[in-house]
Every structure is written in structure tokens, then in C-alpha cells.
Amino acid sequence: MAKRYAALKGYETVPFSQLANSEGDVTVVLPIGMDPQDVLTRLWPLHGLGTKAWPICSFLVGESLASLALLMAKHLVPDAMNAQAETHVFSNERMGGGATYPDAVDMEGLSGDQIASQMTSANGTLLIGGHSRPHCGLFPTQDGLIGLCAMPDGGASGRCLQGTACFFKGRPIVPLQSLKAERVFYNGCTTAGTSTRRPDLLDASEMIAHAVLRGPAREYVGNLRAGRYSDQELSWFAALSAHGLRPAECVRLIEARRGDVGTEKLPSLVHFGDVQAPPWPVSNVEIAQPTYRENTMTLAWTGARSIKTALITDPAWLLAMGAGKFTIQTQNAEPAQIAVLESPFDSALYVLLDCGSSEPARLKLTRQDTSAAPDFEAAAGACLSESYARLAELARYPAFRDALGLNLNDLENLMLTEQWELKSSTGVPPQSTTNTSPGIQEALRHTNACILTVALAKCSGKWSWQDEYLDRTLATPESTPGTCPTCGGATVAYQNASLLNPALRRRSVACGICGIVQDQPDYGLSFTLQREGLITHGSEFSGTVRVANTTNRSRDCILAATVRGAQTPHANNAITAFSIAAQSATSVPFHFSTQALINEVVQCWVMIVCDGDIGFAGRISAMRSI
């Protein structure tokens, strides 16, 4: 079958045993029962994820010979794609209060039934960002979760794996095999598996990739592994498609970006279809053409589209941007995130402006002259404290932009006033601010309280905290596994350094059972919620947090505890202000309640805000009965 497909497409046939030595783009016809991971593990030792040598692969798969033949037939028939086809984006972050993805379906005021209906009937290109398991997806709506079901019967029987009761019983369900879209990208965990080593638990026909390809879809993109996948990658896929990259090339670039920023160390994202499949038709993407003048480059978007991108090929600018020798000024009505992706294929940089609206936008980039004297702003920035630097970083996160803007300006004015007063009295510009003046201390306390207020409000929804900073940090996995303080299982830890200020770091710890159990700034203050540190009874939660201060100064902190994503409003959040002495540890108790009994899987989060930054510790607090 594979040889006949290759002959009809005019491809050279390469034996599977020689795949690692093949050159050029490759369409891999997977034998029944084999997973793309089996292929990638052969290539991985020879090619690094972030290197140009990593080959471009696509996969043709089937749960049976009949379904494999059907997918081949889809790619032998000419693709009558509609260049004006719409792009439908269902973003989990939009519902969760994280970064708003441009062009996402506006789900405000829609019921779960309405959203499920829109997702099923969406034609053209369908991009989905959300949580998932190998056999189903979980998508939050304003009135509860809806399910994305891979069962061969589409969930009609109300039964799941091995005849167990469906988790979404009584809730709307999207049968993945009934999706009308011809091209689907599901950016969730384990959405691309095609075989299983536990057929007694999970049959291949019950996996997401096979379910999508059973329907009208001719191409599908998903992840083999569980990982930290951001909905901004949906933006990248659409932008790169608009630049004329084939889906297999888009996958290759996004994988390279994951390797560069450290969110992925092993290959995960794969494209199902033919490797020569043309670029996906996408709507609502605007490409800016760079204009140059001396040492400046301007990128301007009219605002007719909400996904804004540009391609930079000028050698001088490629050199400056590759070395980080440039500054950016934004002239936008809306806050924006700016991301840059280096092409592994040629000398080019792709720019993505993620501002979440169709408003006009403009970027002015200036190449730095290293021989020039530092300006006043740079000199003043060197005087600002670590607290201000952390606050400035936090204020760039989507959840905190609006709330912290004025606080940041007030704190900056106080700090600069203190610096100039010290200079006037001593004649020497200070190297750092002391932060001892009453005005600055009061401003910091007010700002810390503001941070906590925003975090508590966000936690009432399906807020994904790490998505706030995922594309702003370089993540480095720690080599030694740890032990979960909640369940005792194995954990994986990451060191996350800010790309703008590498001195600002966070450490996140994830457990396969409990999820994120710690995510805290690396600034000498840490805390844990131990296994015995949480007691639940109905709607009542109480516990103790162990806090350690390893610095040589006392710290003023605010603690709050809450349930992340509870379907009912909180009646009482535990909020406690406390101080901890230098080089000491202490236990801080908390208690809070919800307005209704918890009857689903939820996570208790404890947050501590100190010195302009916020840390989290969490654990699973209840299990929903099925």
C-alpha cells in the first residue's frame, strides 16, 4: 500500500530501517499499531530538536488498513481548498482568564451546548487549545465543562474506557469524528497518540488522532506528550501558514521554538497527512512589510486583522536581533506581547504581535549603538530595586497589565524621587534604592494587595497561571526528579528565567497526579503545602503552609488560599498578612469555605505575595464521584 501511494505521488520509497539516513522531507506510512513516537525516537539521537538538521516529517496513519487507505485517498484526490475559508479558534485560555488569543470564537454568554455545536459545525481550519487526555478533551465553558470524545460511538452510550461511566455525563459532548473541519490542530496533551501498550485499558480506536481522522479531516496536528503548550502556538501556526509555510514546516518551526525556550526537550508536535500538503488557508492574519530608515525599522499593521506578523530578512537586522542589540517601542492602543522565531530553513526571522484585538498597531525597532553613552532611562533603570524589577515583569503578564499599570507608575515616581534626593544630598548617583522610605513601603504594600486581589479573581475561573509567562521565559528542566510534597509521587522541576531580565527566575514543580504543586519566584522565600497540610470537610478547607526565608532581611508577606476553578463563588478566602524574620522558617495556618459542596476535581491553591511578586503551592483537594 505504501509503495503504491509513493508511486502515485511520485515519491522515492525508503525502507523503514533506513529512515534515519534519509534526506529531505519524509512522509512516513506508519504500520498498524505503531506510534509516531517510535519513529521520532529513531531520529532523535541523530538530530537535536532545536537544530537545522532535524528533518521534516509527516505521518499517514490508521487504526486499520481501511482507515489508512481512506487517509491516503484523501491526499491522492486534489485538494479543493477554499483560500477564503474561515479559521475557527476555540481557546481554553480565553475562558480561563489567561492571554486572549486573537480571532478566538467569542464564547461570552454562550452555553456549553452552543459552544459544542459551533465547534462541531466549524468548517475550514479549526484550532483548539485546551486540556486533554489520550481519549478525550476537557473544555471549560461558563456553565461547566464540555467533553471532546474520541469513542467510536461519539459518547452516545454514555460509557467511556472499558465501559466505565463517562466523566461528562449530562454535559454537552463534541464527537471528534463528527467535526466538519478539513484541517484540525488540537494543541493539548497526548492528542497525537495512535497506538497503546495497554489495549486492555485503551484501544487505538478510542484515541483522539484516529477519531479526528475518521471524519472529514484530511490533516491533523497534535502532541504526542503531555507538556506546557501555550495557545500562542495557535497564533504561530496561523501566522506561519499565512507566510506560505506548509503545515509540516509550521510544526517544525514550533518544535524548534519549544526547544529554544526550553518548554520541550523531546519531539512532541506531529502532522498527520502528506509532508507536501500545501499551507493551510487561514483568515484574519495581517502581514506587515518592514520599512527601514538608518538604524530603525518600522512594522505597521492597519488593524484589519487580529493576528499580526512580519518576516525580517535584512542581514544587518538579522545580526542585530540575533545578538539582542535592539530596542522596541510600541505604539499600540492595546497591550501586546511580542515574540520572535528564527527560521531553521533559511536566514529569516518571524515576528508575532499578540495584542488580542483588530486595532491598528505599530512597532519601532532601533539597532543599538554600543559606543553611545547610556541615556537617562537606562541609568535610572540601574538604580531600581529587585522589587521594582519583579513588579515590572509581573505587570507585563496579561492578567496583571491593567491592574498594575498605575501602581507601577506611582512606585517608579517614588523611587526616582528618592534617588534624586540622595544625589542632591551626596552629589553621587546611588547604585540602588534602599526602599526604606515610608512612601515606598506603603506603595509596595498597596501593590502587593493589588496582586493578590487580581490572582484571587482569576483563580475563580480555569486560570492557567503558567501561560501568563510561558513565552517570556527560558525554561531549563532540572536533571534530578523530586518527590511531590502532596502525594509522594515523582515530580519534574523547571527553572524559568525571564528573557528580558535573566536575573528574575521562577521555579515550577509539577506532579503527574497533582498537577502544578509549586510555582514560586527564586528570591529567597519559599513555601510548601505538605501532604498533611490540608484538611477538607464539605465546603470547609483548612491547613498549614510551611514558609522559609533564606535571606538576611525580614520579609512582609500576604497569604491567601482558595480553590482554583471552583464552579461556585467563594464565600470566604483566607487572607493573612504576616512577617518572617531573616534566616528563619515558620508555619502559617489558613481556613476558607465555599458556598457549595465541592463535587469535582479541583485544586487548592495557596498564594503568597511578597516584594512585588507572587508564588503558588497547590494540591488536589477533592474527587468528583461518577
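Structure first, text after, so check above.
Report on the accompanying structure. Please read these numbers as outputs of a predicted model, since none were measured by experiment. (Residues numbered from 1 in each chain as written. Predicted model: local features only at pLDDT ≥ 70, side-chain atom pairs only at ≥ 80, totals over all residues. Heavy atoms only, no water.)

1. Some thoughts on the overall build of the chain
No. 1: A tally of helices and strands in the chain yields 13 helices and 33 strands.
No. 2: Residue pairs at least 24 apart in sequence account for 70% of intrachain contacts in the chain once pairs closer than 6 positions are excluded.
No. 3: For the chain, the computed accessible surface area is about 26,800 Å², with 52% contributed by carbon and sulfur atoms. (Helix = DSSP H or I, 4+ residues; strand = E, 2+ residues; numbered from the N terminus. Contact = heavy atoms within 4.5 Å. Areas by Shrake-Rupley, 256 points an atom, 1.4 Å probe, with all protein chains shown as cover.)

2. Description of the packing of aromatic side chains
No. 1: Summed over all chains, the structure comprises 14 aromatic pairs.
No. 2: Seen from their ring centres, Tyr397 and Trp465 are 5.8 Å apart, and the 65 degrees between their planes marks the pair as edge-to-face. Highlighted residues: Tyr397 in the loop between helix H11 (386-394) and helix H12 (401-426) and Trp465 in the loop between helix H13 (438-459) and strand E20 (473-477), separated in sequence by 68 residues. Both residues of the pair, Tyr397 and Trp465, count as buried.
No. 3: Taken together through their ring pairs, the aromatic side chains of Tyr397, Phe400, Trp463, Trp465, Tyr469, Trp605 and Phe616 make up a single cluster.
No. 4: The ring of Phe167 carries the charged tip of Arg133 above its face, separated from the ring centre by 5.6 Å.
No. 5: One cation-aromatic arrangement involves Arg555 over Tyr523; the distance from NZ or CZ to the ring centre is 4.8 Å. (Phe/Tyr/Trp six-rings, centres within 6.5 Å; stacked < 30°, edge-to-face > 60°. Buried < 20%, exposed > 50% of the residue type's maximum accessible area, 1.4 Å probe, protein only. Lys NZ or Arg CZ within 6 Å of the ring centre and 35° of its normal.)

3. A word on helix H3 (residues 65-76)
Since the α-helix advances by 3.6 residues per turn, residues separated by three or four positions end up pointing in the same direction.
No. 1: The first and last C-alpha atoms of H3 sit 16 Å apart over 12 residues, in line with the 16 Å expected at 1.5 Å per residue.
No. 2: Taken residue by residue, H3 has Ser67, Leu68, Leu71, Met72, Lys74 and His75 as its buried positions. The buried residues of H3 occupy one face: seen down the axis, they fall within an arc of 155 degrees. In H3, the exposed residues that point more than 90 degrees away from the buried face are Leu65 and Ala66.
No. 3: Buried positions along H3 lie against helix H1 (2-9), strand E1 (26-29), strand E2 (57-60), helix H6 (208-214) and strand E10 (219-223). (Expected span 1.5 Å × (residues − 1). Arc of directions from axis to C-beta.)

4. Quick look at the pattern of salt bridges
No. 1: Counting across every chain of the model gives 16 salt bridges.
No. 2: Arg506 is the partner of Asp519 in a salt bridge, and the nearest nitrogen-oxygen pair spans 2.8 Å. A residue pair is termed long-range when its members are at least 10 positions apart, and Asp519 in strand E24 (residues 515-521) and Arg506 in strand E23 (residues 505-511) qualify at 13 residues. The pair formed by Asp519 and Arg506 is uniform in burial state, with each residue classed as buried.
No. 3: Two residues, Asp613 and Arg506, come together in a salt bridge whose shortest N-O distance is 3.1 Å. Highlighted residues: Asp613 in strand E33 (residues 613-622) and Arg506 in strand E23, separated in sequence by 107 residues.
No. 4: Counted as one network, the salt bridges with shared partners bring together Arg390, Arg506, Asp519 and Asp613. (Salt bridge = Lys/Arg side-chain N within 4 Å of Asp/Glu carboxyl O.)

5. A look at the pairing of strand E27 (residues 540-549)
Successive side chains on a regular strand alternate, one facing one side of the sheet and the next facing the other.
No. 1: Burial of E27 is one-sided: the residues Phe541, Gly543, Val545, Val547 and Asn549 facing one way are buried, the residues Glu540, Ser542, Thr544, Arg546 and Ala548 facing the other way are not.
No. 2: Bridge count between strand E25 (residues 525-528) and E27: 4 bridges; the pairing is antiparallel. Note that in E27 the partner of Leu525 across the bridge is Asn549.
No. 3: Relative to strand E31 (residues 584-594), E27 is paired through 10 bridges, and the arrangement is antiparallel. Bridge assignment links Glu540 to a residue of E31, and that residue is Ser593. (Pairing = 2+ DSSP bridges.)

6. A word on the packing of H1 against H3
Each pair of packed helices can be summarised by the angle the axes make with each other and by the distance between the axes.
No. 1: Taken N-terminus to C-terminus, the directions of H1 and H3 make an angle of 5 degrees; their axes are 11 Å apart at the nearest point. Relative to H3, H1 is oriented roughly parallel. Within the contact between the two elements, H1 uses Ala2, Tyr5, Leu8 and Lys9 and H3 uses Met72, His75 and Leu76.
No. 2: Across the contact of H1 with H3, the residue classes break down as 5 nonpolar, 1 polar and 1 charged. (Axes fitted to C-alpha atoms, helices over the stretch in contact; angles between N-to-C directions. Parallel < 35°, antiparallel > 145°, perpendicular 65-115°, else oblique. Nonpolar A, V, L, I, M, F, W, Y, C, P; charged D, E, K, R; others polar.)

7. Section: the side chain of Glu206
No. 1: One can find Glu206 in the loop between strand E9 (183-187) and H6.
No. 2: Despite its burial, Glu206 remains without a salt bridge, the nearest opposite charge being carried by Arg214 at 8.9 Å.
No. 3: Other than its neighbours up to four places away in sequence, Glu206 contacts Pro134, His135, Ala150, Met151, Pro152, Leu161 and Leu201. (Lys, Arg positive; Asp, Glu negative; His and termini not counted.)

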